[in-house]
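Per-entry structural report
Each chain, letter by letter, is given below.
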Amino acid sequence: MYLFIYVSITVNYGQLCITDIDECLTNTGGCAHICTNFDGGFNCSCSEGFKLMNDKKGCKPCPSGTWGKDCLHDCSCRDSDTECNVTTGCAECPAGFQGADCHEDIDECTDNNPCGDNANCTNTVGTFKCVCSGGFTQYNATTCHGMEQQ
Ligand SMILES: [Ca+2]
């Protein structure tokens, strides 16, 4: 018994497994879309707008509400999921947001002072506030008037 194990180990160490086999050269490694070879193995991946299936070879279209490489991005578009392209994402974000996933707040206060000269702009997530400077009162969301203007 001990002798058998010793011989088996010796044989395995004796094999020369130095040269990598490029599995991607044969039938794209069985990958539906993209095959990536590396030393000792290979990976399958999918094009934008597709997700790798459980068999690690097939690719299925992104489910509704997701997009991009491996469907990792959320569709948080302005109107509905129908405007979310599976490869490019949202055509238009909801007001106050930007970025590929529409999760990034727009700092309205740094873009162009929407509050005018008589108020201080405060950025908030998804929108902004105008707080009237001393001596001025709120006229509407973005305008403050002095006493003589009311
Ligand atoms: Ca904001």
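Residues numbered from 1 in each chain as written. Predicted model: local features only at pLDDT ≥ 70, side-chain atom pairs only at ≥ 80, totals over all residues.

For the protein chain, the name recorded in an unreviewed UniProt entry is EGF-like domain-containing protein, with Ridgeia piscesae as its organism. Within the UniProt record for the protein chain, the comment given under Subcellular location (unreviewed entry) is "Secreted". (UniProt positions renumbered as here; feature names shortened; annotations may be inferred.)

1. Some points on the pairing of strand β13 (residues 136-140)
As paired strands, β13 and strand β14 (residues 143-146) are joined by four bridges and run antiparallel to one another. For F136, the partnering residue across the bridge sits in β14 and is G146. Linkage of β13 to β14, two consecutive antiparallel strands, is achieved through a turn of two residues. (Pairing = 2+ DSSP bridges. Helix = DSSP H or I, 4+ residues; strand = E, 2+ residues; numbered from the N terminus.)

2. What to know about unusual backbone geometry
Backbone geometry at N27 places phi at a positive 55 degrees, although glycine is not the residue there. By C-beta crowding, N27 is classed as exposed, having 9 other C-beta atoms within 10 Å. With a phi close to 50 degrees, T28 is a non-glycine residue in the positive phi region. Along the chain, the position of T28 falls in the loop between α1 (2-14) and β1 (34-38). Owing to 15 C-beta atoms within 10 Å, T28 belongs among the partly exposed residues under this scheme. (Buried ≥ 20, exposed ≤ 12 C-beta atoms within 10 Å, placed from the backbone.)

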